[in-house]
Every structure is written in structure tokens, then in C-alpha cells.
Amino acid sequence: MKKSWINKYDILILIAALGIAVFVYAVFAVNNADQAAFVRISQNGNMAYFSLFENVRYEVYDNGHVNIIIIENGMVRMYEANCPSGVCARHRGIGRAGEIIVCLPHRVVVEVIGGAIREIDAVTR
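All values derive from a computational prediction rather than experimental measurement. Counting restarts for each chain, with residues numbered from 1 along the sequence as it is written. Local features are withheld for residues below a pLDDT of 70 in this predicted model, meaning they are given only at 70 or higher, and side-chain atom pairs are given and counted only at 80 or more; totals for whole chains, interfaces and linings count all residues. Excluded from the side-chain calculation are hydrogens and water; included are all heavy atoms of the structure.

(A) Quick peek at the overall build of the protein. Scanning the protein from N- to C-terminus turns up two helices and seven strands. Numbered from the N terminus, helices here are DSSP runs of H or I no shorter than four residues, and strands are runs of E no shorter than two. Each helix and strand of the protein, ordered N terminal to C terminal, gives the series α-β-β-β-β-β-α-β-β. The classification of residues rests on relative accessible area computed with a 1.4 Å probe and restricted to protein chains. Under 20% of the type maximum is buried, over 50% is exposed, and intermediate values are partly exposed. Buried residues in the protein amount to 29% of all 125 residues. Split by element, the accessible area of the protein, about 9,300 Å² in all, is 59% carbon and sulfur. What sets the accessible areas is the Shrake-Rupley method with a 1.4 Å probe; for residues, cover comes only from the shown protein chains.

Put into C-alpha cells, the structure is as follows:
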């Protein structure tokens, strides 16, 4: 009789490992879904906070520099920027904690942050 390279215990171990992996993925997916709750827009030390789940059109004007940021459907994007390259305006929309869009010439930073908004605890120059 020819011996199989896999037996019923190997199959049980494989199913258990797969079940654990699916469970861990589900826990992280649920926890991360509500953490990306806010958008922070900063320019030259000035900051504005918005919920990621509200529809907002925010405009930043500074010395002839214009950046228009739009938040809608759980995503934020740089809709328009009059910087020379326009790379920030071509960036895809972001919606997960830790993602950032930066307009270097205008020093505008748009970032998705998780959890509650915290007070500033330090400032550096």
C-alpha cells in the first residue's frame, strides 16, 4: 500500500491555522475601520481638524498660494493646488490612518489620523 504524504491530522492543523488567521484579520479590520476618524490639515503651524466622514471643502490661502482640499465618502484628496508641479493634486484620495498628502511648495500637509484628537504636547522649530 502506498503511503500518502498528507494525513488527516495535517488537514486539521491546516484548517485550524486558517481559522486563526481569518479571526486575527477580522479583529484587525474591525479595529482599524474606526481608528481613521479624523483629517488634520496643517500649513505653517496652523492646523484644522475634520471628521473623515463629513463632506467638507477646505481652502488654504497664503501669499497667493491656493490649495483646495475635499473630504467626501470617507476619503480626502487635494482637489486643486496652484503649485508649479501639481503633484499633490494628482495624488489619489486617502482614507486610512497614517496616509499623507503633502504640497511641499505651499507647506500644506493633509493627513489621516486615528482615534481621538489630542492636544499638542510639544512644539519644535
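(B) Fine view of the side chain of Asn67. Take Asn67: it is sitting in strand S4 (residues 65-72). Pairs of N or O atoms within 3.5 Å make up the polar contacts considered here, provided that, within protein, one atom can donate a hydrogen while the other can accept it, and that residues adjacent in sequence are counted only when both atoms are side-chain atoms. There is a polar contact of 2.7 Å between the side chain of Asn67 and the side chain of His106. It only takes one pair of heavy atoms within 4.5 Å for two residues to be counted as in contact. Once residues lying within four places of it in the same chain are set aside, the contact partners of Asn67 are Tyr58, Glu59, Val60, Met78, Glu80, Ala81, Cys88, Cys103, His106 and Val108.

(C) Looking closely at the pattern of salt bridges. The working definition used for a salt bridge is a side-chain nitrogen of Lys or Arg within 4 Å of a carboxyl oxygen of Asp or Glu. Per the counting criterion, the structure on display carries three salt bridges. Of the charged contacts in the structure, one is a salt bridge between Arg40 and Glu111, with a shortest N-O distance of 3.0 Å. Note that Arg40 is positioned in strand S1 (residues 36-43) and Glu111 in strand S7 (residues 108-114), a separation of 71 residues in sequence. Of the charged contacts in the structure, one is a salt bridge between Arg57 and Glu59, with a shortest N-O distance of 2.9 Å. By relative accessible area, Arg57 is classed as partly exposed at 49%.

(D) The arrangement of the sheet that holds strand S3 (residues 56-62) in detail. Across the sheet, which stays open at both edges, the three strands sit in the order S3-S4-S5 with antiparallel pairing between neighbours. Edge positions in the sheet fall to S3 and strand S5 (75-81), since each of these pairs with one other strand and no more. With strand direction ignored, the average angle separating the axes of adjacent strands in the sheet is 20°. As defined by bridge partners, S4 adjoins S5 across six bridges and the pair is classed as antiparallel. Pairing between two strands requires that DSSP report at least two bridges joining them. Every axis in this analysis is a line fitted to C-alpha atoms, fitted for helices over the stretch in contact. Angles between the N-to-C directions lie between 0 and 180 degrees.

(E) Representation of unusual backbone geometry. Of note in the backbone geometry, Asn73 takes a positive phi value of approximately 55° without being a glycine. Among the structural elements, Asn73 can be located in the loop between S4 and S5. Non-glycine residue Arg107 carries a positive phi angle of around 55°. With respect to the element layout, Arg107 can be found in the loop between strand S6 (100-103) and S7.

(F) Region of the structure containing the nonpolar core. By nonpolar core we mean a set of buried residues, namely Ala, Val, Leu, Ile, Met, Phe, Trp, Tyr and Cys, connected to one another through side-chain atoms within 4.5 Å. Counting residues in each nonpolar core, the largest one holds 20 residues, and the members touching the most others are Ile41, Ile69, Val76, Met78, Val108 and Val110. For this core, the elements supplying multiple residues, two or more each, are S1, strand S2 (46-51), S3, S4, S5, S6 and S7. When residues no more than four places from it in sequence are discounted, the contact partners of Ile41 are Asn46, Met47, Ala48, Phe50, Tyr58, Val60, Ile69, Val108, Val109 and Val110.

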